[in-house]
Amino acid sequence: MMNATNHYDAIVIGAGPAGLTAGIYLSRAKLRTLIVNEGTVGGQMVLTHEIANYPGVESISGYQLANTMKKQAKSFGCDIRANVVISGLELAGETKGLTLSDGSSYTSDSVILATGGRSRTLGVPGEDTFKGRGISYCATCDGDFFTDKEIIVLGGGNSALEEAVSLTRYASKVHIVHQFDHFQAFEHAVEEARNNPKIDFTMESSITAFYGNDKLESVDIKNLRTGETSRFSTDGVFIFIGYIPNTELLKGKVKLNQWGEIQVNPDMSTNIEGVYAAGDCIAKRFRQVATAVGDGTVAALSASAYLHNLKTKKQLIPA
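None of the values given here were measured: they were computed from a predicted structure. (Residues numbered from 1 in each chain as written. Predicted model: local features only at pLDDT ≥ 70, side-chain atom pairs only at ≥ 80, totals over all residues. Heavy atoms only, no water.)

1. As for the overall build of the protein chain
At step 1: For the protein chain, the count of helices and strands is six helices and 17 strands.
At step 2: Rg of the C-alpha trace for the protein chain: 22 Å, near the compact-globule value of 20 Å for 319 residues, within the 12% margin.
At step 3: With respect to the three principal axes, the spread of C-alpha positions in the protein chain is 75 × 35 × 35 Å.
At step 4: Out of the 319 residues belonging to the protein chain, those deemed buried represent 49%. (Helix = DSSP H or I, 4+ residues; strand = E, 2+ residues; numbered from the N terminus. Rg over C-alpha atoms; globule rule 2.2 N^0.38 Å. Buried < 20%, exposed > 50% of the residue type's maximum accessible area, 1.4 Å probe, protein only.)

Printed below as a string of structure tokens:
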């Protein structure tokens, strides 16, 4: 089907922290490995200005950490193709297949899906400009940068309210802005937020624009009931209006849950034999660089065991 130079022991789809970690473990185990990524190597990690909670590293930019992981994977012999477009993917059967839009194609005995995900964005003026410079989508990552600052949390689900409460450990004041007159969170999360003296609420409202110079300084908040817009000074905005896994390519090919997340077993295996998944694309609660690295490690070790058993089985079959 393919020439031997295009056949790999494992193909990893995605080059965020989960995919790069999987590539490091697989290639270090002397397994021929290819990482394919539709964007820049590093995934969402490269958008983070400073990572200060990665164990063993006091402080590093997301770009630097991604580049180090990339170099490490390549040093063990891992092949990497980035900024490509995947046009075809076949996961069923013992031999897996991948085709790119440039016509190149590859096969493998196993696949690790590490396609990542993305926070749902508002899509209003200034949002792209101030990402990482006042706008954040991760309280655990960036909360301590806003110590003694006045901030806004946008959203009304469990994540928004729980993260707003956690942010009160750092911020002097947290303003929750929500588009409806009620919350979509569990009652205990609502009560905990309402009982926190550092939190206040602006309901039936949304942010319509972000302003600042080198960093975010203010936002426009529109009352959706009256239509009135007012300018509000703030040091930061945390946006929690949903999360989107990058699994559009995988629909109908692997088992997804109702939110489009890949369903995995504890060993990171999917419902397809020889196919594993790791990182932000899988069904899980916490999404951090460290948890993605852990997922990638487990997926790679599981895939290694699968490949070892597969080779042993083939050797036992008479020619």
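2. Section: the state of the cysteines
At step 1: Scanning the entire structure with this criterion turns up one disulfide.
At step 2: Linked covalently through their sulfurs, Cys-138 and Cys-141 form a disulfide whose S-S length is 2.1 Å. Across the S-S bond linking Cys-138 and Cys-141, the dihedral sits near 75 degrees, which makes this disulfide right-handed.
At step 3: Given a relative accessible area of 16%, Cys-138 falls into the buried group.
At step 4: Of the residues examined, Cys-141 reaches a relative accessible area of 23% and is grouped as partly exposed.
At step 5: Cys-78 carries a free sulfur, and the closest cysteine sulfur to it, the one in Cys-281, is 17 Å from it. (Disulfide = S-S within 2.5 Å.)

3. A word on the packing of helix α1 (residues 17-28) against helix α2 (residues 62-75)
At step 1: Running from N to C, α1 and α2 point in directions that differ by 25 degrees, and their axes come no closer than 8 Å. For the element pair α1 / α2, the angle class is roughly parallel. Classified by chirality, the crossing of α2 by α1 is left-handed. Residues Pro-17, Leu-20, Gly-23, Ile-24 and Ser-27 of α1 form the contact with α2, whose participating residues are Ala-66, Met-69, Lys-70, Gln-72 and Ala-73.
At step 2: Considered class by class, the residues forming the contact of α1 with α2 number six nonpolar, three polar and one charged. (Axes fitted to C-alpha atoms, helices over the stretch in contact; angles between N-to-C directions. Parallel < 35°, antiparallel > 145°, perpendicular 65-115°, else oblique. Left-handed = near helix turned anticlockwise from the far one by under 90°. Contact = heavy atoms within 4.5 Å. Nonpolar A, V, L, I, M, F, W, Y, C, P; charged D, E, K, R; others polar.)

4. Concerning α2
At step 1: Helix length check: α2 (14 residues) gives 20 Å between terminal C-alpha atoms against 20 Å at 1.5 Å per residue, within 8%.
At step 2: Here α2 has its buried residues at Gly-62, Leu-65, Ala-66, Met-69 and Ala-73. In an axial view of α2, the angular spread of the buried residues amounts to 100 degrees, which keeps them on one side of the axis. Exposed and facing more than 90 degrees away from the buried side of α2 are Tyr-63, Lys-71 and Ser-75.
At step 3: Its buried side turned inward, α2 meets α1 and α6 (289-316).
At step 4: Gly-77, located one to two residues past α2, shows a positive phi value of around 100 degrees. (Expected span 1.5 Å × (residues − 1). Arc of directions from axis to C-beta.)

5. So, the packing of aromatic side chains
At step 1: Inspection of the entire model under this criterion finds five aromatic pairs.
At step 2: Centre to centre, the rings of Phe-183 and Phe-201 are 5.7 Å apart; their planes meet at 65 degrees, and the pair counts as edge-to-face. Of this pair, Phe-183 sits in the loop between β10 (173-177) and α5 (187-194) while Phe-201 is found in strand β11 (residues 199-202), placing the two residues 18 residues apart along the sequence.
At step 3: Phe-183 sits in the buried class, given a relative accessible area of 12%.
At step 4: Owing to a relative accessible area of 25%, Phe-201 belongs among the partly exposed residues under this scheme.
At step 5: Centroid distance Tyr-276 to Tyr-306: 6.4 Å. Interplanar angle 65 degrees. Geometry classified as edge-to-face. (Phe/Tyr/Trp six-rings, centres within 6.5 Å; stacked < 30°, edge-to-face > 60°.)

6. Focus: the sheet that holds β10
At step 1: In space, the five strands of this open sheet follow the order β8-β15-β9-β10-β11, with parallel pairing throughout. The open sheet has two edge strands, β8 (135-136) and β11, and neither has a second partner.
At step 2: Examined bridge by bridge, strand β9 (residues 150-154) and β10 share five bridges and lie parallel to one another. Each residue of the ladder has a partner; that of Glu-150, found in β10, is Lys-173.
At step 3: In this fold helix α4 (residues 158-167) packs onto β9, β10, β11 and β15 (236-239), with an angle of close to 165 degrees to the strand it touches most, β9. (Pairing = 2+ DSSP bridges.)

7. Side note on the nonpolar core
At step 1: Judged by nonpolar contacts, the single largest core of 56 residues is most densely connected at Leu-98, Ile-112 and Leu-113.
At step 2: The element best represented in this core is α6, accounting for nine residues.
At step 3: Look past the residues within four positions of Leu-113 in its chain and what remains in contact with it is Ile-13, Leu-91, Leu-250, Val-254, Ile-262, Val-275, Tyr-276, Ala-277, Ala-278 and Cys-281.
At step 4: Membership of the second largest hydrophobic core comes to 20 residues, among which are Leu-161, Val-174, Ile-176 and Val-190. (Core = buried A, V, L, I, M, F, W, Y, C linked by side-chain atoms within 4.5 Å.)

8. Regarding the pattern of salt bridges
At step 1: All chains considered together, the criterion is met by nine salt bridges.
At step 2: Among the ionic pairs, Arg-225 bridges to Glu-204, the shortest N-O distance being 3.4 Å. Placement of the pair is Arg-225 in the loop between β13 (216-223) and β14 (229-233) and Glu-204 in the loop between β11 and β12 (205-212), with a sequence separation of 21 residues.
At step 3: On the basis of relative accessible area, Glu-204 is assigned to the partly exposed category, the value being 24%. (Salt bridge = Lys/Arg side-chain N within 4 Å of Asp/Glu carboxyl O.)

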